[in-house]
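Architecture and fold: a report
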Amino acid sequence: MDGVHPARDPGAPAAVAPRIRSVFAGFGGALPPRVVTNDDLAATLDTSNEWIIERTGIRERRIAADGVTASDLAAEAARAALADAGLEPEAIDGIVLATSTPDRTYPATAVFVQAKLGMTRGFAFDVAAVCTGFIYALSVADAMIRAGQARALLVIGTEVNSRILDWSDRGTAVLFGDGAGAVVLRAAEGRGDTAEPGILSTHLHADGRHEGILHVDGGPGTTGTVGHVRMQGREVFRHAVSKLAAVVDEALAANGLAQGDVDWLVPHQANLRIIDAMGRKIGLPPERVVVTVDRHANTSAASIPLALWEAHRDGRLRKGQLVLMEAIGGGLTWGAALARL
Ligand code: UT7
């Protein structure tokens, strides 16, 4: 009976309403070509390759050329993610972009990306949560897809950290790098259990009482200048270890999952010592933890999507695997996300 719904058998069980969830459909990334090594920095700063490697695990970082902005890197990463998803820009309903180094105070960096991609429809806005920015952006995009407001979204983390570093401060200048990562999220229908592909849950936290331990000392409403990154590294480290451990437990408990269920830890990349501590906490061997900090340094909001892109491209990430993402950064903000690929 074409076009006519057959009458439902009153004795049959009611069909389970499908639940919408957000599935990773594509990954992309962009790294500026210029590599700056620890020795390069030691030429002008009172530091050494040995100190940086021992305390952070960082060997080199990428630095964007003059004139290259966060939206340039983001557009390149977005194009790669769209190609990976097999989608044209016109299929995208919106862009949710995380950055702490926007092209301008306004408009949002996301609209520059939209224009660079040639998109003429959909929405575009930025999320500011510093190094937790990608987890926050992913959470917002996931909620919009679940609510039915969008069917396909670009979620991007992009930074030109080199523009807000004090290059005479060895305590911060050696830690950061530039780059962008992007994912395409698509709506999919399912039963809503943890074995199905999709973002299972996201967990966001902030505690503004600690803003002073990692911040930029300028802005349009205060100094009228862009300002520079200032960090009390040891204090941030102390918070990182305890808060990330707690939010990882929270994410697993929310889904009734155990540490042994996790296939990959894809953490924010600030310090190899923090990454190793989190891997040990979850009981994952080092080969199940995606590490890019040695080559990218800390790319803030871009670090998780860049790590996802790298592990996807080299075939480590496979369909059906459980990925745990976590991050902490200025704010303080911190959070985690669990996703089935
Ligand atoms: O992405 C946002 C989240 N950020 C983080 O998670 C960063 C967390 N913090 C860290 O990763 C670490 O605290 C740092 C890598 C920033 C610093 O490592 P640390 O082992 O905590 O070193 P420290 O700050 O306790 O400094 C130890 C010493 C100090 O000298 P004194 O006071 O002991 O004489 C520093 O002045 O190392 C000195 N130092 C350096 N020495 C050589 C600091 N930076 C450098 C440097 N080169 N680049």
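Residues numbered from 1 in each chain as written. Predicted model: local features only at pLDDT ≥ 70, side-chain atom pairs only at ≥ 80, totals over all residues. Heavy atoms only, no water.

**Overview of the overall build of the chain**
Worth spelling out the cut-off: A run of H or I in DSSP becomes a helix once it reaches four residues, and a run of E becomes a strand once it reaches two; helices and strands are each numbered from the N terminus. The globule rule used for comparison is 2.2 Å times the number of residues to the exponent 0.38, while the radius of gyration itself is calculated over C-alpha atoms. Here's how the labels work: a residue is buried when its accessible area is under 20% of the maximum for its type, exposed when over 50%, partly exposed in between, all with a 1.4 Å probe on protein chains only. For this analysis, residues touch if any pair of their heavy atoms sits within 4.5 Å. Working definition of accessibility: Shrake-Rupley area with a 1.4 Å probe, residue cover restricted to the visible protein chains. Positive charge is attributed to Lys and Arg, negative charge to Asp and Glu, and no charge count is given to His or to the chain ends. One atom stands in for each charge, and that atom is NZ of Lys, CZ of Arg, CG of Asp or CD of Glu.
Helix and strand counts for the chain come out as 10 helices and 13 strands. A globule of 341 residues ought to have a C-alpha radius of gyration of about 20 Å, and the chain, at 21 Å, matches this closely. Across its three principal axes, the chain shows a C-alpha extent of roughly 80 × 45 × 40 Å. Residues classed as buried in the chain amount to 52% of the 341 residues present. If you take every contact in the chain between residues at least 6 apart in sequence, the share linking residues at least 24 apart comes to 74%. Summed over its atoms, the accessible surface of the chain is roughly 14900 Å², and 53% of this surface lies on carbon and sulfur atoms. Averaged over its 33 positive side-chain charges, the chain has a centre that lies 2 Å from the centre of its 39 negative ones.

**What to know about the confidence of the model for the chain**
Just so we agree on the cut-off: Each residue carries a pLDDT score, the predictor's confidence in it, ranging from 0 to 100.
In the predicted model, the chain carries a mean pLDDT of 95, and 95% of its residues have values of at least 70. Under a pLDDT of 50 for its full length, residues 1–6 has, in the predicted model, one contact with residues more than four places off or in other chains.

**A look at the pattern of salt bridges**
For clarity, the cut-off: The rule for a salt bridge is simple: a side-chain nitrogen of Lys or Arg has to be within 4 Å of a carboxyl oxygen of Asp or Glu.
Evaluated as defined, the whole model comprises 17 salt bridges. One salt bridge in this structure joins D93 and R121, with 2.6 Å as the shortest N-O distance. Here R121 lies in the loop between α4 (109–116) and β5 (123–127) and D93 lies in the loop between α3 (70–85) and β4 (94–98), a separation of 28 residues in the sequence. Given the relative accessible area of 16%, D93 is considered buried. The residue K281 makes a salt bridge to D249 at a minimum N-O spacing of 3.0 Å. Here D249 lies in helix α7 (residues 233–254) and K281 lies in helix α8 (residues 272–282), a separation of 32 residues in the sequence. Judged by relative accessible area, D249 falls into the partly exposed class, the value being 36%. Several salt bridges share partner residues, and in doing so they unite D294, R295, E310, D314 and R316 into one network.

**Re the site of the ligand**
To be explicit about the condition: The rule for a residue being near a molecule or strand is that one of its heavy atoms must lie within 4 Å of it. We call two N or O atoms a polar contact when they sit within 3.5 Å, provided that within protein one can donate a hydrogen and the other can accept it, with sequence-adjacent residues counted only if both atoms are side-chain atoms. We call Asp, Glu, Lys and Arg charged. Ala, Val, Leu, Ile, Met, Phe, Trp, Tyr, Cys and Pro are nonpolar, and the rest, Gly among them, are polar. Segmentation into domains, and thus their bounds, comes from an automatic or database assignment.
Around the ligand, 24 residues are found, and the nearest of them are T47, R55, R234, N271 and N298. Here W51 contributes a side-chain N or O atom positioned 3.4 Å from a nitrogen atom of the ligand. Take N271: an N or O atom from its side chain is 2.7 Å from an oxygen atom of the ligand. Expressed as a share of its isolated accessible area of 950 Å², the protein-covered part of the ligand is 75%. Listed by contribution, the elements that provide at least two residues to the shell around the ligand are α2 (49–56), α6 (170–173), α7, α8 and β12 (322–329). For the shell around the ligand, the leading source of residues is α7, giving four residues. In terms of residue class, the shell around the ligand is built from 11 nonpolar, eight polar and five charged. Counting contributing residues per domain, the shell around the ligand is built from domain 1 (19–190) and domain 2 (198–340), each supplying no fewer than three.

**Quick look at the packing of aromatic side chains**
To be explicit about the condition: Planes of paired rings set the category: under 30 degrees apart is stacked, over 60 is edge-to-face and the rest tilted, where pairs are Phe, Tyr or Trp rings (Trp by its six-membered ring) whose centres lie within 6.5 Å. Charges are assigned to positions over rings by a cutoff of 6 Å between ring centre and Lys NZ or Arg CZ, combined with an angular limit of 35 degrees from the ring normal.
Taken as a whole and judged by the stated rule, the model has two aromatic pairs. Ring geometry for F24 and F27: centres 5.4 Å apart, planes at 35°, overall tilted. Of the two residues, F24 and F27, neither departs from the other in class, the shared state being buried. The ring of W334 carries K243 above its face, with NZ or CZ at 5.1 Å from the centroid. Here R288 stacks its cationic end above the ring of W264, 4.7 Å away from the centre of that ring.

**Overview of the sheet that holds β5**
Note on sheets: strands pair through backbone hydrogen bonds, and any given pair is parallel or antiparallel. Quick note on the threshold: Strand pairing requires that DSSP identify at least two bridges connecting the strands. In this analysis, axes come from line fits to C-alpha atoms, helices being fitted only over the stretch in contact, and the angle between any two N-to-C directions falls in the range 0 to 180 degrees.
The mixed open sheet is built from five strands, whose spatial order is β1-β7-β6-β4-β5. Across the chains shown, the open sheet's two edge strands, defined by having one partner strand only, are β1 (19–30) and β5. Neighbour to neighbour, the strand axes of the sheet diverge by 20° on average, direction disregarded. In this structure, β4 lies alongside β5, joined through five bridges in parallel fashion. Bridging from a neighbouring strand, L97 pairs with D126 of β5. On top of the sheet, helix α5 (residues 133–146) reaches β1, β4, β5, β6 (152–160) and β7 (178–190); it is set at about 165° to β6, its chief contact.

**Topic: the environment of T99**
Position of T99 among the secondary structure elements: in the loop between β4 and α4. Since its relative accessible area comes to 6%, T99 is described here as buried. Considered as a pair, T99 and V127 are 28 residues apart in the sequence and their alpha carbons are 6.8 Å apart. The residues contacting T99, other than those within four sequence positions of it, are A70, T109, D126, V127, A128, T158, E159 and A301. Looking at T99, its side chain comes within polar contact range of the main-chain nitrogen of T101, at 3.1 Å.

**Some points on α7**
Defined as follows: The length a helix should cover is 1.5 Å for every residue beyond the first.
With 22 residues, α7 should cover 32 Å at 1.5 Å per step; its first-to-last C-alpha distance of 31 Å lies within 8% of that length. Within the sequence span of α7, burial applies to V236, H239, A240, K243, L244, A245, V247, V248, A251 and L252. Tucked into the core, α7 has its buried residues touching β8 (198–206), β9 (214–216), β10 (229–231), α8, β12 and β13 (333–340). A positive phi of about 65° marks G256, the residue just after α7.

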